Amino acid sequence: MQANGLNILIALAFIIFTSPYFSKILRIPIAPVEIILGSVAGYLGFIGHNEMFKIVSEVGFFYLMFLAGTEVDLKLFFTIDKKILKTGVVYLAILYLLSALLTFSFDLNRLFILIMPLMAVGMIFTLFKEYGKNEAWLNIGMLIGSIGEVVSITLLTFVGAYMKFGAGSELAFSIIYLSGFLATAVIGYKTLNVLFWWYPQLRIILMPHYDNSEKDIRLCMALFFGIIALMLYLNLEIAFGAFVAGTFIATFFDHKKDLPHKLASFGFGFLVPTFFVHIGSTFKLNAFMIDGVVRDAALITGVMIGFRLAASTVFLNILGLKNTVLFALSHSMPLTLLIAVATIAYKSGGINENFYFSFILASLTQAIIVTICIKILMSYENKNLQKEPK
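Residues numbered from 1 in each chain as written. Predicted model: local features only at pLDDT ≥ 70, side-chain atom pairs only at ≥ 80, totals over all residues. Heavy atoms only, no water.

Enquirer: I'm lost on the packing of aromatic side chains in this one. Help?
Expert: Both the distance between ring centres and the angle between the ring planes are used here to describe each pair of aromatic rings. Within this structure, the stated rule accounts for 24 aromatic pairs. Ring geometry for tyrosine 63 versus phenylalanine 66: centroids 6.1 Å apart, planes at 35°, classification tilted. Of this pair, tyrosine 63 and phenylalanine 66 both sit in helix α3 (residues 51–69), three residues apart, which is roughly one turn of the helix. (Phe/Tyr/Trp six-rings, centres within 6.5 Å; stacked < 30°, edge-to-face > 60°. Helix = DSSP H or I, 4+ residues; strand = E, 2+ residues; numbered from the N terminus.)

Pasting the structure below:
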């Protein structure tokens, strides 16, 4: 049923304004609060299906991925400690190995090999807002998570094309387009790196330190919408393109120290909350009454978190026990990608409606449980630091 636009606007205004206060009272991060409030608003009938609301929420998701990209300087991939990079590759390999063992052992749908190791940095970026940029587990988590998300979205693109078109020319074109996009991104990085090395003043021309025309924001928005248009034209995953676009901003315009804050202020004040509220509204609370939905969601949540905790043990010598646990938890919230894969699987007939509801519930549960666990661990650390003698 098409929801009344006025009701949605009123609900959004209430949730966006009050969620920080509910977050403070409940002592959980804002994102899960917005998801919960969105679900309640949907249940009460204030929020329902509305095309405009859906489009704005999708833009919010893409913008969140763009913001996540602005936290990743591509130069780090060339300067990062090779030990950390190799350990990260082993970590990801273990995740896929555990998923394959689970899938074949219990004769599950082969999609589970892709689902269980899913990784997304959107929620990791929200942790930067909460805990800053000086946490080793969070910085490494973002770096390895970025690699994991590239792998996840690449596989998702191929699997989605296969399920939609079969093993025909459309799948071949998807592979060609994605390969071409990645190759173009690498060439673009190399070209800009050389160009800005020879003509460093170009950075200042494109993004002056001081100007009253907001040229920096305008360039970012042009790049953001341009990449969306390109990914739509190529029929590729838009979120991946938005993330890559954000990394170019972080890599080549690091002289604008206030730019990430300006971009995030707009995003987290409007677009990103709209996305989280929409995610919450897509889950129907009466699904709790369907037999097996809660049980399966609990199993999915437990397995996905457990696999990451097990695989992350390869980082024990680098991060230590507590930070290793925090690192694993930061990767246990593939909220948007999990919902995306569940949608693809449901529409293709790979899973039934009950399992689809279980995946939606699992994605929400992971976001809530994990953020609460991280908050508890970080609060415990802060208390210990305060007790230490000065």
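Enquirer: It is not clear to me how a nonpolar patch on the surface should be interpreted in this structure. Could you clarify?
Expert: Together, Ile36, Val40, Tyr43, Leu44 and Phe46 give the surface a local cluster of nonpolar side chains, amounting to about 490 Å² of exposed area. Inspection of the secondary structure puts valine 40 in helix α2 (residues 30–44). (Patch = residues over 30% accessible without salt bridge, like charges linked within 9 Å, V, L, I, M, F, W, Y side chains within 5 Å. Areas by Shrake-Rupley, 256 points an atom, 1.4 Å probe, with all protein chains shown as cover. Salt bridge = Lys/Arg side-chain N within 4 Å of Asp/Glu carboxyl O.)

Enquirer: I would appreciate a short explanation of the nonpolar core in the present structure.
Expert: Within soluble globular proteins, side chains that are nonpolar tend to cluster in buried spots. Counting residues in hydrophobic clusters, the biggest one holds 107 residues, and the most contacted among them are Phe66, Tyr91, Trp137, Phe276, Leu335 and Ile374. When residues in this core are grouped by element, the largest group, 11 residues, is from helix α18 (residues 353–387). Ignoring any residue separated from it by four or fewer positions in sequence, one finds isoleucine 374 in contact with Leu127, Tyr131, Trp137, Leu326, Leu329 and Ser330. Ile8, Ile28, Val33 and Leu37 belong to the second-largest nonpolar core, a separate cluster that totals 11 residues. (Core = buried A, V, L, I, M, F, W, Y, C linked by side-chain atoms within 4.5 Å. Buried < 20%, exposed > 50% of the residue type's maximum accessible area, 1.4 Å probe, protein only. Contact = heavy atoms within 4.5 Å.)

Enquirer: What is the right way to read the confidence of the model for the chain from this model?
Expert: Do not read the predicted coordinates in detail wherever pLDDT is low. Here the chain averages 84 in pLDDT, and 94% of its residues register 70 or above. Highest mean pLDDT in the chain belongs to helix α16 (residues 321–330) (94); lowest belongs to helix α4 (residues 76–79) (73). (pLDDT = per-residue confidence, 0-100.)

Enquirer: I'm lost on the packing of helix α5 (residues 82–105) against helix α14 (residues 293–311) in this one. Help?
Expert: To characterise two packed helices, one gives the angle between the axes of the helices and the distance between these axes. The interhelical angle for the contact between α5 and α14, taken along N-to-C directions, is 135°, at an axis separation of 9 Å. The orientation of α5 relative to α14 falls into the category oblique. Like other packed secondary-structure pairs, α5 and α14 cross with a definite hand, here right-handed. On the side of α5, the interface is formed by Tyr91, Ile94, Leu95, Leu98, Ser99 and Leu102, while α14 contributes Val303, Phe307, Arg308, Ala310 and Ala311. (Axes fitted to C-alpha atoms, helices over the stretch in contact; angles between N-to-C directions. Parallel < 35°, antiparallel > 145°, perpendicular 65-115°, else oblique. Left-handed = near helix turned anticlockwise from the far one by under 90°.)

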